[in-house]
Amino acid sequence: MTTARDREILNHVFNPLLPLSGDLIQEEILEETTEEEVENDENVKRSRDFEIQGIQAANIGNYSEAIRFMSLAIEVAPDRPSGYNNRAQAHRLIGNIQEAKVDLNNAINLSEGKGRVGCQALCQRGLISLKENRLNDAKKRF
């Protein structure tokens, strides 16, 4: 089981621009996809549902299961950037940095670096660049 503090940290990692409190991870997936998109496309609904299951797995520390669910989300709706961004986060948390970079590039390209997902993907790339001591690249991402 995770503690409230663990959930706050995960929320901050998934949502780096929000305050470190609350449990907003699932709500953001719901906000990112409009109801019209869900009603008009069964694959978008399935993708969103897989993402929510992946986030629930990540919330209890089961990152391999989170990656599996995010991969299913991507498989059914490959043009949605949030699945790539969330899978990148799970990869990053377990140290799979190369896989995270590939997913972040996909999320950034699909979102055109705009919106909540684009912002989160750019922030994650910035964090990776900082960790790799590539300060100029990090500045561009942030």
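These numbers were taken from a predicted model, which means no experiment stands behind them.

Caption draft 1: Representation of the packing of aromatic side chains in the model. Summed over the entire model, instances satisfying the criterion amount to 1 aromatic pair. Just above the ring of Phe69 sits the side chain of Arg68; from NZ or CZ to the centre is 4.6 Å.

Caption draft 2: Quick look at helix H6 (residues 81-93). Given a rise of 1.5 Å per residue, 13 residues ought to cover 18 Å, and the 19 Å separating the end C-alpha atoms of H6 matches this to within 8%. Counting buried positions along H6 yields 12 of 13 residues, so the element is predominantly enclosed. Inspection of H6 places Pro81, Ser82, Gly83, Tyr84, Asn85, Asn86, Arg87, Ala88, Gln89, Ala90, His91 and Arg92 among the buried residues, and these make up the whole buried set. Two residues or fewer past H6, Gly95 is found with a positive phi of approximately 90°.

Caption draft 3: Representation of the environment of Asn86. For Asn86, the location among the structural elements is in helix H6. Judged by relative accessible area, Asn86 falls into the buried class, the value being 7%. With 28 residues separating them along the chain, Asn86 and Ala58 place their C-alpha atoms 9.8 Å apart.

Caption draft 4: Quick peek at the packing of helix H7 (residues 97-111) against helix H8 (residues 115-131). Look at H7 against H8: their axes get within 9 Å of each other, and the N-to-C directions meet at 145°. For the crossing formed where H7 meets H8, the hand is left-handed. Residues Ile97, Ala100, Lys101, Leu104, Asn105, Ala107, Ile108 and Ser111 of H7 pack against Val117, Gly118, Ala121, Leu122, Gln124, Arg125 and Ile128 of H8. Tallied by class, the residues present in the contact of H7 with H8 amount to 9 nonpolar, 4 polar and 2 charged.

Caption draft 5: Layout of unusual backbone geometry. Positive phi is not limited to glycine here, since Glu112 has a value of about 60°. Among the structural elements, Glu112 can be located in the loop between H7 and H8. In this model, Asn133 sits at a positive phi of 60°, which is unusual for a non-glycine residue. With respect to the element layout, Asn133 can be found in the loop between H8 and helix H9 (135-141).

Rules behind the numbers
- Residues numbered from 1 in each chain as written.
- Predicted model: local features only at pLDDT ≥ 70, side-chain atom pairs only at ≥ 80, totals over all residues.
- Heavy atoms only, no water.
- Phe/Tyr/Trp six-rings, centres within 6.5 Å; stacked < 30°, edge-to-face > 60°.
- Lys NZ or Arg CZ within 6 Å of the ring centre and 35° of its normal.
- Helix = DSSP H or I, 4+ residues; strand = E, 2+ residues; numbered from the N terminus.
- Expected span 1.5 Å × (residues − 1).
- Buried < 20%, exposed > 50% of the residue type's maximum accessible area, 1.4 Å probe, protein only.
- Axes fitted to C-alpha atoms, helices over the stretch in contact; angles between N-to-C directions.
- Left-handed = near helix turned anticlockwise from the far one by under 90°.
- Contact = heavy atoms within 4.5 Å.
- Nonpolar A, V, L, I, M, F, W, Y, C, P; charged D, E, K, R; others polar.

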